[in-house]
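Chains, contacts and geometry: an overview
Residues per chain are reported as follows:
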Amino acid sequence: MSEKLRVTNLVKTFGTNNVLKGINLTVNENEVVVIIGPSGSGKSTLLRALNRLEEPTSGSIVIDNVDIASKGVDIDTVRENIGMVFQHFNLFSNLSVGENIMLAPVELKKETKEQASAQAKKLLKTVGLEEKFDATVQSLSGGQQQRVAIARALAMNPDIMLFDEPTSALDPEMVGDVLAVMKDLAKKGMTMIVVTHEMGFAKEVADRVVFVDDGQILEQGTPDQMFEHPKNERLQDFLNKILNV
Amino acid sequence: MKQKIFKSLGWVALLVGLLFCLVQSTVTAQAKTYQIGTDVTYPPFEFANKQNKYVGIDIDIMNAVAKEEGFKVNIKPVGFNAAVQSVQSGQLDGVIAGMTITPERKAKFDFGTPYYKTGVVMAVGKNSDIKSFKQLKGKRVALKTGTAAADYANSIKKKYGFKTVTFDDSNNMYEDVTTGNSVACFEDQPVMQYGIKQGLKLKIVSSPANTGWYGFAVKKGQNTELRKKFNQGLKKIQANGTYDKIVGKYLGNKTNPKVKGKTFTIGTDVTFPPFEFANKHNKYVGIDMDLIRAIANEQGFKVKIKPVGFNAAVQAVESGQLDGVISGMSITNERKAKFDFSQPYFMSGVVMAVGKNSKITKLSQLKGKRVAIKTGTSAADYANSIKKKYGFHTVTFDDSNNMYQDVTTGNSVACFEDHPVMKYAIKQGTKLKIVTKPAESAPYGFAVKKGHNQALLAAFNTGLKDLKASGTYDKIKAKYLGTDDNGSVAKTAADDAGSRSFFGLIKQNQGALLSGLSETMWLTVVSIFFATIFGVIVGLLGVVPSKFSNGVSSTLIYIFRGMPLLVLALFIYTGIPSLTGTKIPAFIAGVVTLTFNEGAYIAAFVKGGIEAVDPGQMEAARSLGLPFGKSMRRVILPQGIRIMIPSFINQFIITLKDTSILSIIGLLELTQTGKIIIARNLEGFKVWTIVAVMYLIIITLLTWLSNWVQRRTKV
């Protein structure tokens, strides 16, 4: 179990508002870490800071022994290695499904169109949408769009996948399909960091669950420890609220 | 005894001489010497110069003709009457002595081709305000005995009720006027002109009357060969310019070496008839135009007339874009601070005009009413100066026609205008009437930038003096204003009734309108091209992740969107050259103006269009590792442009319309063309309708094209 990512003393402030108050977190290779916490707790900001979509105010983020938070790092190259899936999918609306997936490989890896489209089709097959290669983004349902978004992120062969509430914007009947794809990915040994409210997914798939509240990690552990024997009062509160709705 | 011997010796000598001549003439026919008689002293035609050599127009022409035709002449200044009689008696071969061709004389002489036109003119003291014969009533007039001028004066003496006093020679006659004993004198035009050129403190105030031609004469039926040679030679020297040189030498048509061959760009107004306006053939005519061209012609320089509008012309001269301005410009002290003025070339005065059926006749009736004035004119200054006293308020227009129309439509009750301009407009059919006498008389002057173009200014002054002396000045004035108050105006700009209908106007002005339209299209296309480039660049600067670039973008948009197009155009056209000293052609200034102004709007919506794209799109692209530029190009811009297209179409249409504002810097685009046509025919409603329809047609076509493009991009 080698270490893939180490976050040390990560602080993020927006003006006077301290969103992250010194986060320390280590993620090992092939590990699936699920971050939970109430809204506004800073979990999304933490996730987005990991590929510097949010610029950290201070602290370090070391991936494969490189501090990507330091100046002089070519963040674009770093990002090629970190896939990201957004709550609102963010598929490129001017491009078709196939083109969405092919854009980065063609632009960045200098793959030929043929290579890229073969790979895109393969990826679409793994997310169960091989027939949608030529479809427009607008013709897909939310669940389908999110699966395409996952395929798009995977097209760059990343080492780490970040998921930012990937099922929150979906109709309930779509959630299952997306989670299935994610489980499949976890099984294949992808290092994943997932911000989600899907406690079922966390219990079933996560190697570790991290509870973030008020910009801090208050507790972390295996799903069993976290859900069955929560120690922190706020975690207990949180779990009570979401499990007893 | 001694005397007798001398006498007889004299006769012998004469006989011998005559014999000798006879022999010579028969032996060497080719180099025959003709004996030509002339007057003793009739400047500038014949007179002895300081070296006691006979010179003058007659002498020089005769010599030039002889040289051209290869014969010899011996010119004898025997006096006019003696010369004429000697020719009649066959003692002399011909006479050239400022001899007017008359029917009586034709009975006894054969005349050659007339070589000089003359006429009788009236001259008054330099500062006299006598302008017409009417003003001579009860006054004393100086004449020279036995001249045609005296005959003429005597013939009109009764009619105009003046008294005469006669002198034996010209100088005394002149002096009688300069000292003020007499108020005027009558004299042959060239003689008077020459005298004034020599420094006489007189001025010619009437156009030549009793005009006639001077001719070279031989005895009837005799010396046919000499007459033919004279005619041939005259034709040759008139063709090769020698004739003009000779006349110029004595009457001041000398070209000015300082300005000779140079071309000066002269600014003028577009709509200030009768001083400047485009005629049917779209050529600029009018008092100012004819005057500057005549002066240029006389002084040997060339002018390029730029009818850019009064204010633009004045500013362009100030900024050095133009060399001079002649535009019915009143000489005022304020203007003198910035310009050097020529001698005044026209005296004007401000009059008030009201609608044809208006009951207003006095300034006092204006109380509480609205009065139309034209910006920057002395008439406007006058109106403003009396505004408080008479309690009226004013509304300002940029050109005369709009001002007139404001009165004819009844929006304003009156307007103030320079007298000649108003008079001309009314004669052309403007439904106004003049109700006041000219007030605030102001001299018009030609102006150059202070301290610059002094040679041009000097040439203008010399030329003006010469034109006044020769009567050309009066002719020009009469052409547009008539000879007196009741005189009819030359039909320079009037059109026949048929060409006043819509179709007539279109047909007549087809060329001008189409070339205006093409200028508008060019301006639009070129400006859109550059404005789009400028706008997209500035718009992108506004969205790149750099605070400095964002700031530059915002500032550029702020400045150029915040500045009225008109101000920007004037600033670029007249302001920049003042700062840098380099001229900017109007077309380029126009394109630059539109590029900045329309470009700023384009930048604003480019920026807005990009910002309207969901930020998640950029995040997704960046999270894949795509750099900012690639993300922009491949993801954001394609979506942003789709948002921007309706704004682009809108902006292109606005650009097309905004070109009309560039008429302010004198670009001859469609609007300016309309203004010019209206300045000529005063058919404001019809011409503006035509122009408006033309704009609508073009905008409709542009809209169709844009919609087609938009449909194509939506796929």
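Residues numbered from 1 in each chain as written. Chains lettered and ligands numbered in written order. Predicted model: local features only at pLDDT ≥ 70, side-chain atom pairs only at ≥ 80, totals over all residues. Heavy atoms only, no water.

1. Structural notes on the interface of chain B and chain A
For clarity, the threshold we go by: Every residue pair with non-hydrogen atoms within 4.5 Å of one another is taken to be in contact. In this description, buried area is defined as the sum, over both parts, of the accessible area (probe of 1.4 Å) that is lost when the two are combined. The working definition used for a salt bridge is a side-chain nitrogen of Lys or Arg within 4 Å of a carboxyl oxygen of Asp or Glu. Any N or O atom pair separated by 3.5 Å or less is treated as a polar contact, with the protein-specific requirement of one donor-capable and one acceptor-capable atom, and with residues adjacent in sequence counted only for side-chain atom pairs. A run of DSSP states H or I qualifies as a helix once it reaches four residues; a run of E qualifies as a strand once it reaches two. Both are numbered from the N-terminal end.
Counting residues at the interface gives 17 residues for chain B, matched by 22 residues for chain A. For the pair chain B and chain A, the summed buried area comes to about 1,800 Å², and 54% of that belongs to carbon and sulfur atoms. Summed over the shared surface of chain B and chain A, the number is four salt bridges. Across the salt bridge formed by B:Arg622 and A:Asp76, the nearest N and O atoms sit 3.1 Å from each other. Applying the counting criterion to the chain B and chain A interface returns 10 residue pairs in polar contact (both at pLDDT 80 or more). Those elements that provide at least two residues to the side of chain B that touches chain A are helix H22 (615-623) and helix H23 (628-658) of chain B.

2. A closer look at the UniProt feature "transmembrane region" (unreviewed entry) in chain B
Condition: UniProt positions are given in the numbering used here, feature names are shortened, and annotations may be inferred rather than shown by experiment.
Mapped onto this structure's residue numbering, the UniProt feature "transmembrane region" (unreviewed entry) falls at residues 521-544, 556-576 and 687-709 of chain B. Annotated as residues 556-576 of chain B, this span is 90% helix and 0% strand, and its ends, taken at the C-alpha atoms, are 18 Å apart.

3. Overview of the pattern of salt bridges
Let me state the cut-off plainly: Burial here depends on accessible area, computed with a 1.4 Å probe over protein chains only, as a share of the maximum for the residue type. Under 20% is buried, over 50% is exposed, and the range in between is partly exposed.
The tally for this structure, following the rule as stated, stands at 25 salt bridges over all chains. Here A:Asp184 makes a salt bridge to A:Lys188, at a shortest N to O gap of 3.5 Å. Among the residues examined, A:Lys188 registers a relative accessible area of 58% and is labelled exposed. Two residues, B:Lys479 and B:Asp290, come together in a salt bridge whose shortest N-O distance is 2.9 Å. With a gap of 189 residues between them, B:Lys479 in helix H17 (residues 472-481) and B:Asp290 in helix H10 (residues 287-299) connect regions that are remote in the sequence. B:Asp290 gets classed as buried once you look at its relative accessible area, which sits at 14%.

4. Thoughts on unusual backbone geometry
At the junction of B:Pro273 and B:Pro274, the peptide bond is cis and its omega measures out at 5° in the coordinates. Mapped onto the secondary structure, B:Pro274 falls in the loop between strand E14 (263-268) and strand E15 (277-278). Look at A:Phe89: it is not a glycine, yet its phi comes out positive at around 65°. As for its placement among the helices and strands, A:Phe89 is situated in the loop between strand E6 (82-85) and helix H3 (97-108).

5. Structural notes on the sheet that holds strand E13 (residues 217-219) of chain B
Residue and element names in this part refer to chain B. Formally: DSSP bridges decide pairing: two strands pair if at least two such bridges lie between them. Between the N-to-C directions of two axes lies an angle of 0 to 180 degrees, each axis being a line fitted to C-alpha atoms and, for a helix, fitted only over the stretch in contact.
Read from one edge to the other, the open sheet built from five strands follows the order E4-E1-E5-E13-E6, with strand pairing classed as mixed. One side of each edge strand has no neighbouring strand; the edge strands of this open sheet are strand E4 (72-77) and strand E6 (109-111). Strand direction decides the pairing type here: strand E1 (residues 33-38) and strand E5 (residues 94-95), joined by two bridges, are parallel. Following the sheet pairing, Ile36 is matched in E5 by Gly94. Relative to the sheet, helix H2 (residues 57-69) contacts E1 and E4, its axis offset from that of E4 by approximately 165°. Packed on one face of the sheet, helix H8 (residues 224-239) meets E1, E6 and E13 and runs near 75° to E1.

6. Points about the sheet that holds strand E7 (residues 160-164) of chain A
Residue and element names in this part refer to chain A. Across the sheet, six strands lie side by side as E6-E7-E8-E3-E9-E10; this open sheet has mixed pairing. The open sheet has two edge strands, E6 and strand E10 (216-221), and neither has a second partner. Each neighbouring strand pair of the sheet contributes to a mean axis angle of 20°, computed without reference to strand direction. The pairing of E6 with E7 spans four bridges and is classified as parallel. Residue pairing across strands places Ile82 opposite Ile160, the latter belonging to E7. Contacting E6 and E7, helix H5 (residues 142-154) runs over the sheet at an angle of about 170° to E6. Taken strand by strand, helix H6 (residues 172-187) contacts strand E3 (32-36), E7 and strand E8 (191-195), and its axis lies near 145° from that of E8.

7. Section: the packing of helix H19 (residues 547-562) of chain B against helix H21 (residues 586-611) of chain B
Residues and elements named next belong to chain B. The cut-off we apply is this: Here the angle decides the label: under 35 degrees means roughly parallel, over 145 means roughly antiparallel, 65 to 115 means roughly perpendicular, and every other value means oblique. By the definition used in this description, the sense in which the near helix is turned from the far one sets the handedness, with an anticlockwise turn below a right angle giving left-handed and a clockwise turn giving right-handed. Only Asp, Glu, Lys and Arg are considered charged, only Ala, Val, Leu, Ile, Met, Phe, Trp, Tyr, Cys and Pro nonpolar, and every remaining residue, Gly among them, polar.
The geometry of H19 relative to H21 is characterised by a closest axis approach of 8 Å and an angle of 135° between their N-to-C directions. If you check the angle between H19 and H21, you find them oblique. The hand of the H19/H21 crossing is left-handed. In this structure, H19 contributes Ser553, Ser554, Leu556, Ile557, Phe560 and Arg561 to the contact, and H21 contributes Phe596, Asn597, Ala600, Tyr601, Ala603, Ala604 and Lys607. In the contact of H19 with H21, the residues fall into eight nonpolar, three polar and two charged.

8. A word on a positive patch on the surface
Applicable threshold: Candidate patch residues must exceed 30% relative accessible area and have no salt bridge, after which like charges are joined if within 9 Å and Val, Leu, Ile, Met, Phe, Trp or Tyr side chains if within 5 Å. Every accessible area reported is derived by Shrake-Rupley at a probe size of 1.4 Å, with residue values counting cover from the shown protein chains alone. Counted as positive: Lys and Arg. Counted as negative: Asp and Glu. His and the chain ends are not counted at all. Throughout, a charge is located at the NZ atom of Lys, the CZ atom of Arg, the CG atom of Asp or the CD atom of Glu.
Together, B:Lys126, B:Lys197, B:Lys201 and B:Lys465 give the surface a local cluster of positive charge. Along the chain, the position of B:Lys126 falls in the loop between strand E7 (116-125) and strand E8 (140-144).

9. Some words on the pairing of strand E21 (residues 370-374) of chain B
Residues and elements named next belong to chain B. The buried fraction of E21 amounts to four of the five residues, a majority that puts the element mostly inside the structure. In this sheet, strand E22 (residues 393-397) lies alongside E21 in parallel orientation, the contact comprising five bridges. Directly across from Ala372, in E22, lies its bridge partner Val395. Pairing of E21 with strand E23 (residues 414-418) involves two bridges; the strand directions are parallel.

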